[in-house]
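# Structure assessment
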Amino acid sequence: DADLADERPFNATKPLEYGAEALTPHTGESYAPSTPLATASTSTENIASSKLGDGIPRLGDNALNSSLDRVRADDTEQRLTTNQGIPVSSNQDSLKIGLRGPIALEDFVMREKITHFDHERIPERVVHARGSGAHGYFESYQDLCQLTRAAPFAYAGKRTPVFVRFSTATGERGSPDTARDVRGFAVKFYTDEGNWDLVANNIPVFFIQDPMKFPDVAHAVKPEPHHAMPQASSAHDTFWDFASLSPEITHMLMWLMSDRAIPRSYRMMQGFGVHTFKLINTSGEVRLCKFHWTPLQGTHSLVWDEAFKLRGLDTDFHRRDLWEAIEAGNFPEYELGLQVFTETQAESFPFDILDPTKLIPEELIPVFPVGKLVLNRNPDNFFAETEQVAFCTQHIIPGIDFTNDPILQGRNHSYPDTQITRLGGPNFHEIPINAPLAEVHNNQREGFHRQSINRGRVNYEPNSLAGGCPFQVGRAGFVSAPESVVGNKMRGKPELFADHYSQARLFWISQSAPEKAHIIDAFRYELTRVETLAIRIRMVAGLVNVDATLAHALACGLGIAVPPPLPLATSLPLPNYAPSPALSLLSRPGVTGIRTRQVAIFVAPGVDGAAVRAVYAALLDAGAVPRLVGQRLGQVSSLDGVPLHVETTIEVTPSVVYDAMVAPGGDDGAIALGRDARVIDFVREQYRHGKPILALGNGAGLLSAAGIPTTLPDGCDDPGIVSMDPALATLAIGQFRQALARHRTFERDTEPPAV
Ligand code: HDD
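Residues numbered from 1 in each chain as written. Predicted model: local features only at pLDDT ≥ 70, side-chain atom pairs only at ≥ 80, totals over all residues. Heavy atoms only, no water.

The protein is annotated in an unreviewed UniProt entry as Catalase of Massilia aquatica. Entered under Catalytic activity (unreviewed entry) in the UniProt record, the comment concerning the protein runs "2 H2O2 = O2 + 2 H2O". (UniProt positions renumbered as here; feature names shortened; annotations may be inferred.)

## As for the sheet that holds strand β11 (residues 598-602)
Pairing between the strands of a sheet is mediated by backbone hydrogen bonds and can be parallel or antiparallel. The parallel open sheet is built from 6 strands, whose spatial order is β15-β12-β11-β16-β17-β18. Only two strands of the sheet have a single partner each, and these edge strands are β15 (648-649) and β18 (721-724). Strand direction decides the pairing type here: strand β16 (residues 660-663) and strand β17 (residues 693-696), joined by 3 bridges, are parallel. Within β17, the position partnered with Ala663 by the bridge is Ala695. (Pairing = 2+ DSSP bridges. Helix = DSSP H or I, 4+ residues; strand = E, 2+ residues; numbered from the N terminus.)

## Considerations on the packing of aromatic side chains
As enumerated under the stated definition, the model contains 26 aromatic pairs in all. Judged by centre distance (5.6 Å) and plane angle (80°), the ring pair of Phe138 and Phe153 falls under edge-to-face. Separated by 15 residues along the polypeptide, Phe138 in strand β1 (residues 131-140) and Phe153 in the loop between β1 and β2 (159-168) bring together distant segments of the chain. As far as burial versus exposure is concerned, Phe138 and Phe153 are alike and both buried. These aromatic residues form a ring-pair network of at least three members: Phe138, Phe153, Phe166, Phe185, Phe189, Trp196, Tyr266, Phe277, Phe291, Trp293 and Tyr334. (Phe/Tyr/Trp six-rings, centres within 6.5 Å; stacked < 30°, edge-to-face > 60°. Buried < 20%, exposed > 50% of the residue type's maximum accessible area, 1.4 Å probe, protein only.)

## Side note on the coordination of the iron atom of the ligand
Among protein residues, the single donor to the iron atom of the ligand is Tyr415 (OH), with a metal-donor distance of 1.9 Å. Mapped onto the elements, Tyr415 comes out in helix α12 (residues 406-422). (Donors = N, O, S within 2.8 Å, 3.2 Å for Na, K, Ca; no water.)

## Examining the UniProt feature "domain: Catalase core" (unreviewed entry) in the protein
The positions that UniProt labels "domain: Catalase core" (unreviewed entry) are, in the present scheme, residues 81-469. Taken end to end, residues 81-469 comprises 22% helix and 19% strand; its first and last C-alpha atoms sit 42 Å apart.

## Overview of the site of the ligand
With respect to spatial proximity, 21 residues lie near the ligand, and among them Arg125, Arg165, Arg411, Tyr415 and Gln419 are the closest. Between the ligand and Arg125 there is a distance of 2.7 Å, counted from an oxygen atom to a side-chain nitrogen or oxygen. Arg165 has a polar side-chain atom sitting 2.6 Å from an oxygen atom of the ligand. The set of elements that each furnish at least two residues to the shell around the ligand consists of β3 (183-191), β4 (194-201) and α12. Considering every element that reaches the shell around the ligand, the biggest residue donor is α12, with 6 residues. (Near = heavy atom within 4 Å. Polar contact = N/O pair within 3.5 Å; in protein donor to acceptor, adjacent residues only side chain to side chain.)

## Describing the packing of helix α15 (residues 533-544) against helix α16 (residues 548-558)
Contact geometry for α15 and α16: axes closest at 8 Å, N-to-C directions at 160°. In terms of orientation, α15 lies roughly antiparallel with respect to α16. Handedness of the α15/α16 crossing: left-handed. The residues of α16 that touch α15, namely those facing Arg536, Val540, Leu543 and Val544, are Ala548, Leu550, Ala551, Leu554, Ala555 and Leu558. In terms of residue class, the contact of α15 with α16 is built from 9 nonpolar, no polar and 1 charged. (Axes fitted to C-alpha atoms, helices over the stretch in contact; angles between N-to-C directions. Parallel < 35°, antiparallel > 145°, perpendicular 65-115°, else oblique. Left-handed = near helix turned anticlockwise from the far one by under 90°. Contact = heavy atoms within 4.5 Å. Nonpolar A, V, L, I, M, F, W, Y, C, P; charged D, E, K, R; others polar.)

Encoded structure:
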């Protein structure tokens, strides 16, 4: 028989299925194919994959970009057709029986168009429905082989294509970006060894400790089910009812009420893998690890009044910011850092590393940078890429493994399960944005919307008819870290999980004074919106266990007496943490540049044009985004006769969309602006939100017209207000740039606000 088989014809392009090797029965690990297994690529921005056409990526693109070419559609100079490719004669009128008669059922052109439209929407994500995506790459700083065999870290300079989706968690698909909420930070790495998704948040801890509670917390925070309000907000009874009855949420609440939950930009927030993961090297050694993303643009936030107004004034604030930065070539960058530790170290920690409501203080285990994420390309099509991308915690690659964090284990079930409904079946991995660059070969077949045309009659394993292909690769493939597990089958939690307050307190004591004030304000705002008094009292009772001053300030703000503390859930001795500066946004090492900061420069007829041009040039030079803001579009005359072109108006870009403002002066110009109440509101809001203000010459008149104090409440000079003679413009601009780099002057804050 073997001789006969040798004579059979075979398809030379598919040697493993029909060729000579098909005659060698599968022998598992020892199988030695005549062509070597794909190994990690050595070229930058490219990985070993036959999906890459000629394999040479276009300049500035990454490997994923080239692979998407096969599905890109370009209508340039093309005629209009139906989905069957039939040319369409008229896209204006349906087929009627007489001009005033009924539409004929046979009008397949109209019916196909309407039918397709009727089915354009897919279900939105049950959480994280609102999001924005970007393409880019991850570049490893070094060879991490000692720690992990994970492909992206194979050698210094190795680039792996990525797609990132940032999101809010609570609001619906069209909800405002600046809601107080945790932000998703999901990264899909298209590695040589398949896709790795790091599905992270911008807060390092989570609401709950067991996936069983996830539907409850999501239901509680989403709009209330009877009237579907409020949208994209946790400030309502059901959320705080759940929260006040679930002490494990306390640490997360501290972060959620802090300025972390209202980032200035997706580009300026941290990301955290939350769970403890495992790293495995080629020798099989296992270490534990937490993943951190740190933005190289600095970490900055909005203030609540500003975030709140942006909900109405520019609901796309973060989406627009990300899009515009990438279009302008200001590529957002984040450093990936690892906290690596051993099981023995973990046993000495005063918390359980499987508990996702706990973080590992950076003072205990430092974060060391291992690579950089660069986002350098906007998606071509929001739906095809950002909406259809499907992340999943269980997409991991050789060299990385799960721990028994119950939330992580629950997520591993939830993500693929939800995608099956959202993306209409089990083949969502074939959607171009989800398809790995690594080759996919298995015997999974059919299902809704199957794209690949698997050839041959073999769809099972073991087989001899296809030479045992596709074959398993043993230790060359994904291997779980060995772990012995003994235990009784039971429902419950380790006792350390019951320490619900120590790390909430750690977060609190690590904050600076303005950050603490913002946390109190946020709690007060949210609980003031809660209608049920008992919920407010119960919530404050929980916070007494975090810090007495916090609880006292909040009780005062809510007009209630400080209640007795809620009982503790554990009698274990509790850790007493020292403050961790890394937890405070204001204490983190700042980034001094002002790249991408949006600055409004006011112009009106008669403005000091020379000063405007000087400030504009200096800001551009430093990478900021200056814009001439006027009362109407068009040209305005300036003092030196050179007209200025208004770029945008106060009406469409109000104060909250800018990081800073400039009042340039000039006789008539400053006077005209001073008479416009919208300008005065603008100036007052810039001040109240702590933003830098530069006033040249009689531009300072705008500040006095707006009632802006010249000094801080403590009597010191306000470092965020630079007011000078135009002759000193260079000096003034220098000081203004420093103020802009510091972001905000919170020392202006008084309770209640003076301006
Ligand atoms: Fe989740 C989406 C992050 C716990 C179930 N989650 C989702 C997204 C992010 C996170 C960033 C958006 C992905 C995207 O952009 O498409 N989720 C987290 C983090 C968690 C977490 C950091 C805890 C540490 N999630 C969590 C639990 C469950 C889920 C415990 C369920 C047991 N999450 C989902 C989901 C979503 C999702 C329902 C909605 C849409 C999707 O997955 O694709 O499956």
